[in-house]
Amino acid sequence: MDNQVEIHYCTQCRWMLRAAWMGQELLTTFEQELAALTLKPGTGGVFEIRANGKLIWSRKEKGRFPEITELKQLVRDVIAPEKDLGHADKKRT
């Protein structure tokens, strides 16, 4: 399966730059694993991120934006569970 990430962001809230930056970070981190990254404009305060169709982040549910390391971990867990994120990885116990 081709791994894909979609970032659905609110244009009314001017969140395009945040979405594009997060997309750039994910494309850099997962350059071998990702087949596509889509920025999807929306309205109504939406900021949702899906990996392979699975909702992994919703600003409405969490009440905040993800930290970039947190987002990389969530994406990794769906598309490349074995991948080591180095210094950005959560401590494994």
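Let us look at the structure shown here. (Residues numbered from 1 in each chain as written. Predicted model: local features only at pLDDT ≥ 70, side-chain atom pairs only at ≥ 80, totals over all residues. Heavy atoms only, no water.)

1. Some words on helix α3 (residues 68-79)
For α3, spanning 12 residues, the distance from its first C-alpha to its last is 16 Å, which sits close to the expected 16 Å at 1.5 Å a residue. Those residues of α3 that fall on the buried side of the exposure criterion are Ile68, Leu71, Lys72, Gln73, Val75, Arg76 and Ile79. Turning to α3, the residues buried within the fold contact β1 (3-10), α1 (16-29), β2 (34-42), β3 (47-51) and β4 (54-58). (Helix = DSSP H or I, 4+ residues; strand = E, 2+ residues; numbered from the N terminus. Expected span 1.5 Å × (residues − 1). Buried < 20%, exposed > 50% of the residue type's maximum accessible area, 1.4 Å probe, protein only. Contact = heavy atoms within 4.5 Å.)

2. Examining the side chain of His8
With respect to the helices and strands, His8 occurs in strand β1. The exposure class of His8 is buried, given its relative accessible area of 16%. Once you skip the residues sitting within four places of it in the chain, His8 turns out to touch Lys40, Pro41, Gly42, Val46, Phe47 and Glu48.

3. Some thoughts on the packing of aromatic side chains
A complete count under the given rule lists three aromatic pairs for this structure. Here the aromatic rings of Trp15 and Phe65 are separated by 4.9 Å at their centres, their planes lie at 90°, and the arrangement is edge-to-face. Linking Trp15 in the loop between β1 and α1 with Phe65 in the loop between α2 (59-62) and α3, this pair joins segments that are 50 residues apart in sequence. Accessibility classification places Trp15 together with Phe65 in one group, the buried group. A ring pair is formed by Phe47 and Phe65, whose centres lie 4.9 Å apart and whose planes are at 85°; its orientation type is edge-to-face. You can see Phe47 sitting in strand β3 and its partner Phe65 sitting in the loop between α2 and α3, a full 18 residues away along the chain. Summarising the burial analysis for this pair, Phe47 and Phe65 share the class buried. Taken together through their ring pairs, the aromatic side chains of Trp15, Phe47 and Phe65 make up a single cluster. Here the basic side chain of Arg18 rests over the ring of Phe65, its NZ or CZ set 3.6 Å away from the ring centre. (Phe/Tyr/Trp six-rings, centres within 6.5 Å; stacked < 30°, edge-to-face > 60°. Lys NZ or Arg CZ within 6 Å of the ring centre and 35° of its normal.)

4. Notes on the side chain of Glu48
Looking at the secondary structure, you find Glu48 in strand β3. In terms of polar contacts, Glu48 uses its side chain to reach the side chain of Arg50, at 3.1 Å. When sequence neighbours within four positions are dropped, the list of residues in contact with Glu48 reads Glu6, Ile7, His8, Leu55, Trp57 and Ser58. (Polar contact = N/O pair within 3.5 Å; in protein donor to acceptor, adjacent residues only side chain to side chain.)

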